[in-house]
Amino acid sequence: MSLIDSHCHLDSPEFDADRDAVIERALEAGVEHMLAIGTGSGPPDLEAAIRLADKYPAFYATVGVHPHDAAKAGDADLRRLADLLAHPKVLAAGEIGLDYHYDFSPRDTQRAVFIQQMAIAAAARKTIVIHTREAWDDTLRLIEEHWRPHSLGGVMHCFSGTPTDARRALDLGFYLSFGGIVTFPKAVDVQAAAKSTPRDRILVETDAPYLAPVPKRGKRNEPALMVHTAHKLAALRGESYEDLCGITSENFRRLLKP
Ligand SMILES: [Zn+2]
Ligand SMILES: [Zn+2]
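Here the residue numbers are simple positions, counted from 1 along each chain's written sequence. Key to labels: chains lettered from A, ligands numbered from 1, both in the order written. Local features in a predicted model are, by the rule used here, given only for residues with pLDDT of at least 70; side-chain atom pairs are given and counted only at 80 or more, and totals for whole chains, interfaces and linings are based on all residues. Each side-chain value is derived from all of the structure's non-hydrogen atoms; neither hydrogens nor water enter the calculation.

(A) Seen up close, the coordination of the zinc ion (ligand 1). Shown as donors are all N, O and S atoms within 2.8 Å of a metal ion, widened to 3.2 Å for Na, K and Ca; because water is not in the atom set, sites may appear incomplete. Within the protein, the atoms that donate to the zinc ion (ligand 1) are Glu95 (OE), His131 (ND1) and His157 (NE2), at distances of 2.0 to 2.1 Å. For the zinc ion (ligand 1), the single-chain donor residues occur in sequence as E-x35-H-x25-H.

(B) Representation of the coordination of the zinc ion (ligand 2). Within the protein, the zinc ion (ligand 2) binds to His7 (NE2), His9 (NE2), Glu95 (OE) and Asp207 (OD); these donor distances fall in the range 2.0 to 2.6 Å. Sites are called tetrahedral only when four donors show all angles between 85 and 135 degrees, square planar or octahedral only when four or six donors show opposite pairs over 155 degrees and all other angles between 65 and 115, and irregular in any remaining case. Here the zinc ion (ligand 2) binds 4 donor atoms, and the angle range of 88 to 177° at the metal identifies the geometry as irregular. Counting along the primary sequence, the residues that act as donors to the zinc ion (ligand 2) give the motif H-x1-H-x85-E-x111-D. Separation of the zinc ion (ligand 2) from the zinc ion (ligand 1) amounts to 3.4 Å, with Glu95 serving as a shared donor to the pair. In this pair, Glu95 sits in strand 4 (residues 90–99) while Asp207 sits in the loop between strand 8 (202–204) and helix 8 (226–237), placing the two residues 112 residues apart along the sequence. Both residues of the pair, Glu95 and Asp207, count as buried. What counts as a helix is a DSSP run of H or I of at least four residues, what counts as a strand is a run of E of at least two, and both are numbered from the N terminus. The buried label applies to any residue whose accessible area, calculated with a 1.4 Å probe on protein chains only, is under 20% of its type's maximum; exposed applies above 50%, and partly exposed to all values in between.

(C) Local environment of the state of the cysteines. Only a pair of cysteine sulfur atoms within 2.5 Å qualifies as a disulfide here. Applying the stated criterion across every chain, the model contains 0 disulfides. Of the cysteine sulfurs around Cys158, a residue in no disulfide, the closest is that of Cys8, at 13 Å. Cys245 takes part in no disulfide bond, and the closest cysteine sulfur, belonging to Cys8, lies 16 Å away. Taking the relative accessible area as the measure of exposure, Cys245 reaches 1% and is therefore buried.

(D) View of the packing of helix 7 (residues 188–196) against helix 8. Interhelical geometry of helix 7 versus helix 8 gives an angle of 70° and a closest axis separation of 9 Å. Classified by the angle between their axes, helix 7 and helix 8 sit roughly perpendicular to one another. For the crossing formed where helix 7 meets helix 8, the hand is right-handed. On helix 8, the residues that touch Gln191, Ala194 and Lys195 of helix 7 are Lys232, Leu233, Leu236 and Arg237. We call Asp, Glu, Lys and Arg charged. Ala, Val, Leu, Ile, Met, Phe, Trp, Tyr, Cys and Pro are nonpolar, and the rest, Gly among them, are polar. Among the residues making up the contact of helix 7 with helix 8, the classes are represented as 3 nonpolar, 1 polar and 3 charged. For every element, the axis is a line fit to its C-alpha atoms; helices are fit only across the contacting stretch, and the angle between N-to-C directions ranges from 0 to 180 degrees. When an angle is under 35 degrees it counts as roughly parallel; over 145 it counts as roughly antiparallel; between 65 and 115 it counts as roughly perpendicular; any other value is oblique. Handedness of a crossing follows from how the near helix is turned relative to the far one, being left-handed for an anticlockwise turn of less than a right angle and right-handed for a clockwise one. By definition in these notes, contact holds between two residues if any of their heavy atoms fall within 4.5 Å.

(E) Region of the structure containing the pairing of strand 2 (residues 31–36). Burial analysis of strand 2 places 5 of its 6 residues in the buried class, the great majority of the element. Two strands are said to pair when DSSP picks up at least two bridges between them. Sheet topology places strand 1 (residues 3–8) next to strand 2; 4 bridges connect them, and they run parallel. Note that in strand 2 the partner of Leu3 across the bridge is Val31. Crossovers are described as right-handed under a simple rule: with the strands pointing away from the observer, the path leading from the first strand over the helix to the second runs clockwise. In this fold, the crossover linking strand 1 to strand 2 by way of helix 1 (residues 19–28) has right-handed handedness.

(F) A look at helix 8. Multiplying 1.5 Å by the residue count of a helix minus one yields the expected span of that helix. Taking 1.5 Å per residue, 12 residues should reach 16 Å; helix 8 reaches 17 Å between its end C-alpha atoms and fits that length. Those residues of helix 8 that sit buried are Met226, Val227, Thr229, Ala230, Leu233, Ala234, Leu236 and Arg237. Looking at the packing, one finds that the buried side of helix 8 touches strand 1, strand 2, strand 7 (174–178), helix 7, strand 8 and helix 9 (241–256). Trailing helix 8 by a residue or two, Gly238 shows a phi angle of about 70°, which is positive.

(G) Here's a closer look at the pattern of salt bridges. The term salt bridge refers to a side-chain nitrogen of Lys or Arg lying within 4 Å of a carboxyl oxygen of Asp or Glu. Counted under the stated rule, the structure contains 19 salt bridges. Between Glu239 and Arg199 there is a salt bridge whose closest N-O contact spans 3.5 Å. Pair noted here: Glu239 is in the loop between helix 8 and helix 9 and Arg199 is in the loop between helix 7 and strand 8, with a separation of 40 residues, a long-range link. Put simply, Asp18, Arg25, Arg220 and Glu222 are held in one network by salt bridges that share partners.

(H) Here's a closer look at the side chain of His9. Looking at the element boundaries, His9 is found in the loop between strand 1 and helix 1. Setting aside residues up to four positions removed in sequence, His9 forms contacts with Phe15, Ile37, Thr39, Glu95, Asp207, Ala208, Pro209 and Tyr210.

Structure (structure tokens):
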């Protein structure tokens, strides 16, 4: 049974001591491919994920400016982003979006850089990976206005909203990617959303090194642990583990076109 981790940060310094072993464990656990998210420490470095994808066959990559780093992005960085989207292993722009929880960059700057990156991705005919936190209304409004007309779909990464939020994202053509949160006992809204997500719109991810699933909650997350999340999703949805692996991998390939 093989899985695809649709979102991880294996460039993180937390993996510097044992990255090869982490990747080996992922492959042994059946995690055949991983989408390395390229936001890294922010501009001017935009190639954190490309370095992994160039080195390891199991990785695909994204490039993008995280909303946290929006204030660091200059015009030259955004031009460079457009060039990097043409790299053969880069499948999407991401993670991009809005984070009003931390507000590490001013909100108007976050919105401007999000809109600019949607335009860059549309020009490259690549899809997008969305990070949104405490910013659902603005995120969906900007997607509706600046992204939906391009019909390129997208990923709501680490989906943590309600079934209503899920419906709104699905209506915009998005896929919902579920991570470790869905295994947390109190995450009843996320579990309800996972149950109601159509078979052809569900993805699974780790967001490693963050948000390890139960029974490893609180520890460093890594792609091999995604089997716990996949088992939980299968149980919630009344599908077999094999089926869940199959549909999430198929969905990844349809949307991201590796
Ligand atoms: Zn994120
Ligand atoms: Zn992430």
